[in-house]
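If you want the building blocks of each chain, they are given just below.
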Amino acid sequence: NAGVMQNPRHLVRRRGQEARLRCSPMKGHSHVYWYRQLPEEGLKFMVYLQKENIIDESGMPKERFSAEFPKEGPSILRIQQVVRGDSAAYFCASSPPPGQGSGELFFGEGSRLTVL
Amino acid sequence: QKEVEQDPGPLSVPEGAIVSLNCTYSNSAFQYFMWYRQYSRKGPELLMYTYSSGNKEDGRFTAQVDKSSKYISLFIRDSQPSDSATYLCAPFGGGYQKVTFGIGTKLQVIP
């Protein structure tokens, strides 16, 4: 049973380009979280999704960032017109629906974005 | 006030020492209390999970929750160099609520 798969593991973009990060949850998991991690800030919540629905996007910057989790395929975190401050590790985590598990989040290995 | 407060360390201890890691939180609705461990350049993984107040022991690890003071602790006995990692507390309310993490305490166990 494969774990949470994130790709690319490393991504380099120039300022103004777009970054797309993909996350395939564990088999049987219908809920996905995205977090951003910076050394001095810890793991910051960005968005919580279930298939075809955003549950909580309170941590998403209002501009340039969007996330989706379609009925088929991976969840996508999209960052438009990247700036140097977007350089960070982006982690995806998945879980079964509430009530069907302990609440544990299963994390991927992260995608490390570097903006030049 | 941050929802979850945690001392980032770093904390450096000799092998065999007892380690105490702590968090405080502000949301009285939190019912589930988790500790995650994150090795360098890896994703976090669940280490301990407790529900409501009390203690839970798993091998060398003990998680303690005091809901009255909104204080959670993780104790590591007989610490090993392999315990060197960042430890993140994650209290949450369950259901469809988001999971908020502490900043993480970086622990180094010196052989």
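A brief report on the enclosed structure follows. (Residues numbered from 1 in each chain as written. Chains lettered and ligands numbered in written order. Predicted model: local features only at pLDDT ≥ 70, side-chain atom pairs only at ≥ 80, totals over all residues. Heavy atoms only, no water.)

1. Details of the layout of surface pockets
Here comes step 1: By volume, the largest pocket amounts to about 590 Å³.
Here comes step 2: Contributing to the lining of the largest pocket are 22 residues, with Gln37(A), Pro39(A), Gln38(B), Thr86(B) and Lys106(B) lying nearest its centre.
Here comes step 3: Elements supplying a minimum of two residues to the lining of the largest pocket: β4 (31-38) and β9 (88-95) of chain A together with β9 (85-92) and β10 (105-110) of chain B.
Here comes step 4: Looking at the lining of the largest pocket, the element that brings in the most residues is β10(B), giving three residues.
Here comes step 5: The class makeup of the residues in the lining of the largest pocket is ten nonpolar, eight polar and four charged.
Here comes step 6: Considered as a void within the structure, the second largest pocket measures approximately 320 Å³ in volume.
Here comes step 7: Along the walls of the second largest pocket sit 17 residues, with Leu43(A), Lys44(A), Lys2(B), Thr100(B) and Phe101(B) positioned nearest its centre.
Here comes step 8: Residue assignment for the lining of the second largest pocket shows that the elements contributing at least two residues are β5 (42-50) of chain A together with β1 (4-6) of chain B.
Here comes step 9: Sort the elements by how many residues they give to the lining of the second largest pocket and β5(A) lands first, with four residues.
Here comes step 10: Each residue belonging to the lining of the second largest pocket can be placed in one class, and the counts come to five nonpolar, six polar and six charged. (1 Å grid on protein atoms, 1.4 Å probe; cavity = no way out; pocket = protein on both sides within 12 Å on 5 of 7 lines; lining within 4 Å. Points joined across faces, edges and corners; volume = space filled by probe spheres on them. Helix = DSSP H or I, 4+ residues; strand = E, 2+ residues; numbered from the N terminus. Nonpolar A, V, L, I, M, F, W, Y, C, P; charged D, E, K, R; others polar.)

2. A word on the side chain of Gln38(B)
Here comes step 1: Relative to the helices and strands, Gln38(B) is located in strand β4 (residues 32-38).
Here comes step 2: Reaching out from Gln38(B), the side chain makes a polar contact with the side chain of Gln37(A) at a distance of 3.0 Å.
Here comes step 3: At a separation of 2.8 Å, a polar atom in the side chain of Gln38(B) contacts the main-chain carbonyl oxygen of Lys42(B).
Here comes step 4: Excluding its chain neighbours within four sequence positions, the residues that come into contact with Gln38(B) are Gln37(A), Phe91(A), Gly43(B), Pro44(B), Ala85(B), Thr86(B) and Leu88(B). (Polar contact = N/O pair within 3.5 Å; in protein donor to acceptor, adjacent residues only side chain to side chain. Contact = heavy atoms within 4.5 Å.)

3. Quick look at the sheet that holds strand β8 (residues 75-79) of chain A
Residue and element names in this part refer to chain A.
Here comes step 1: Pairing within the open sheet is antiparallel, and its four strands lie in the order β1-β3-β8-β7. Each of the sheet's edge strands pairs with one partner strand only, and the pair in question is β1 (5-7) and β7 (65-68). Between one strand axis and the next, the sheet turns by 15° as a mean value, whatever way the strands run.
Here comes step 2: For strand β3 (residues 19-24) and β8, the ladder comprises five bridges, and the chain directions are antiparallel. Across the sheet, the residue bridging to Arg 22 is Ile 76, located in β8. (Pairing = 2+ DSSP bridges. Axes fitted to C-alpha atoms, helices over the stretch in contact; angles between N-to-C directions.)

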